[in-house]
Amino acid sequence: MRTGPVGVGDQKLGGETVRGFVVPGLSIAAQRVPAQCATVEPAPAGCLGRVSIPASEIPAITIPGVRIPRVDAGGALAPAVTGPAVRAGLVARDGVIQDQVCAQKTRPGDYRPSIYRPQAYRRALYRRQAYRRQVYREQVCAKGYCRAPVTVPPVNVAPVTVPAVSVDPDQLDGLQLPELRARCVSVFADQKRTAYQVCADVLFAFNRSDLRTGGKAALRQIARSLKQRFAGRPIRVDGHTDAKGSPDYNVALSE
C-alpha cells in the first residue's frame, strides 16, 4: 500500500514567517505467505507414509510514527502533534511431522494388528491489524493571520490469516485371506488399498537378489489372490535391502 506525502509551505503568521514542512508518505510492500502444502510420502506395503506439514510465518509489519511540527510565531503557540509508530509482530508456527508407521514384527503365521497413523495438524496463523490513527493539528491564528489546519490521514494494514493445515488420520486393518497359506504373508487394507507384505527372509537370502524357492511359492499365492480379488486394478511393487553395506551398493542390489 502507498500513502502520499502531506506538505505545508511557508506561511506568514503575525508578521513572522513559519517555515513549511513535509510529512513523508508511506510505501508498505505486499507480503506473501507461500502455499502451504502437506506431503504424504510413499510407503512400502504394510506401512503408512510419513506426513510433513511445513513451518509457516507471517512477517512483522511496522507503520512508522508521524509528527506535525509546533508553531511558535507572531504570539501564537501550538504544540507539535505526534502519532506513535504501530507494529504488528511476527507470527510463526513450527512444522508438523507424523513419522511413517509400519506393521509390528511378528513370527510367521501370527496375526498382525491394524496400523494407525494419527491426524497431523498445524494451527492457523493470524497477525492482527496494524492501524495508525489520523494526526490532526488545528488552525493557528495570530493578529488576523491564520495558518490552516493540518491532517495526516490514518494508515491501515489489514490483518492476515493463514488457514490451518490438516492431514486426516489413516489406518490399515490386518486381514486374513483364506487363499493365502504361506505363513509369512500378511495383508492390510483400508477402503482404498490392499497391501500384501512378505517377510524379507522368505524372499531373499542375505546379499542376494535371486528369489528363494519359498519366496517363489509365496509370490505365486499372492499372484493368484490378486487375480481373484483385483483383476484389472493397478498394482505397485515395493522392495528394499537391509541397512548393511554402502548406499551405492544397496541401490544396485535393489535394482
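For the structure, check the block above.
Residues numbered from 1 in each chain as written. Predicted model: local features only at pLDDT ≥ 70, side-chain atom pairs only at ≥ 80, totals over all residues. Heavy atoms only, no water.

### A few points about the overall build of the protein chain
Step number 1: Helix and strand counts for the protein chain stand at 3 helices and 33 strands.
Step number 2: Computed over the C-alpha atoms, the radius of gyration of the protein chain is 36 Å, more than 25% above the 18 Å expected from 2.2 N^0.38 for a compact globule of 255 residues.
Step number 3: In terms of principal-axis extent, the alpha carbons of the protein chain reach across some 115 × 35 × 30 Å.
Step number 4: Burial analysis of the protein chain (255 residues in total) assigns 31% to the buried set. (Helix = DSSP H or I, 4+ residues; strand = E, 2+ residues; numbered from the N terminus. Rg over C-alpha atoms; globule rule 2.2 N^0.38 Å. Buried < 20%, exposed > 50% of the residue type's maximum accessible area, 1.4 Å probe, protein only.)

### Some points on the sheet that holds strand β9 (residues 51-53)
Step number 1: Within the open sheet, the 3 strands sit side by side as β7-β9-β18. Their pairing is antiparallel. Among the strands making up the open sheet, the edge pair consists of β7 (39-40) and β18 (96-98).
Step number 2: Relative to β9, β7 is paired through 2 bridges, and the arrangement is antiparallel. Counterpart to Val40 in the pairing with β9 is Val51. (Pairing = 2+ DSSP bridges.)

### Some remarks on the sheet that holds strand β33 (residues 194-198)
Step number 1: Taken in spatial order, the 4 strands line up as β20-β31-β32-β33 in an open sheet, and their pairing is antiparallel. The open sheet has two edge strands with one neighbour each: β20 (115-117) and β33. Strand after strand, the sheet turns through a mean of 20° between neighbouring axes, direction not considered.
Step number 2: In this sheet, strand β31 (residues 170-175) lies alongside β20 in antiparallel orientation, the contact comprising 3 bridges. Residue pairing for β31: Tyr116 is matched across the bridge by Gln171.
Step number 3: Against the sheet, helix α2 (residues 213-230) touches β32 (185-189) and β33, its axis set at about 170° to β33. (Axes fitted to C-alpha atoms, helices over the stretch in contact; angles between N-to-C directions. Contact = heavy atoms within 4.5 Å.)

### A word on the environment of Gln100
Step number 1: Assignment of secondary structure puts Gln100 in the loop between β18 and β19 (101-102).
Step number 2: Overall, the relative accessible area of 38% leaves Gln100 in the partly exposed class.
Step number 3: Placed 150 residues apart in sequence, Gln100 and Asn250 show a C-alpha to C-alpha distance of 21 Å.
Step number 4: What Gln100 contacts, discounting residues up to four positions off in sequence, is Pro42, Ala43, Pro44, Cys47, Leu48, Gly49 and Arg50.

### A word on a positive patch on the surface
Step number 1: On the surface, a cluster of positive charge is made up of Arg181, Lys216, Arg220 and Arg224.
Step number 2: With respect to the helices, strands and loops of the structure, Arg220 is situated in helix α2. (Patch = residues over 30% accessible without salt bridge, like charges linked within 9 Å, V, L, I, M, F, W, Y side chains within 5 Å. Areas by Shrake-Rupley, 256 points an atom, 1.4 Å probe, with all protein chains shown as cover. Salt bridge = Lys/Arg side-chain N within 4 Å of Asp/Glu carboxyl O. Lys, Arg positive; Asp, Glu negative; His and termini not counted. Charge placed at Lys NZ, Arg CZ, Asp CG, Glu CD.)

### Side note on the pattern of salt bridges
Step number 1: Inspection of every chain in the model, using the stated rule, returns 9 salt bridges.
Step number 2: As a salt-bridge pair, Asp170 and Arg193 come within 2.3 Å of each other at their nearest N and O atoms. With Asp170 in strand β31 and Arg193 in the loop between β32 and β33, the pair connects residues that are 23 residues apart, well separated along the chain.
Step number 3: Of the charged contacts in the structure, one is a salt bridge between Glu179 and Arg229, with a shortest N-O distance of 2.5 Å. Taken together, the residues Glu179 in the loop between β31 and β32 and Arg229 in helix α2 connect sequence positions 50 residues apart.
Step number 4: Classification of Glu179 by relative accessible area gives buried; the value is 15%.
Step number 5: Linked by salt bridges that have partners in common, Arg117, Asp170, Asp190 and Arg193 make up one network.

Read these as geometric descriptors, not functional statements.
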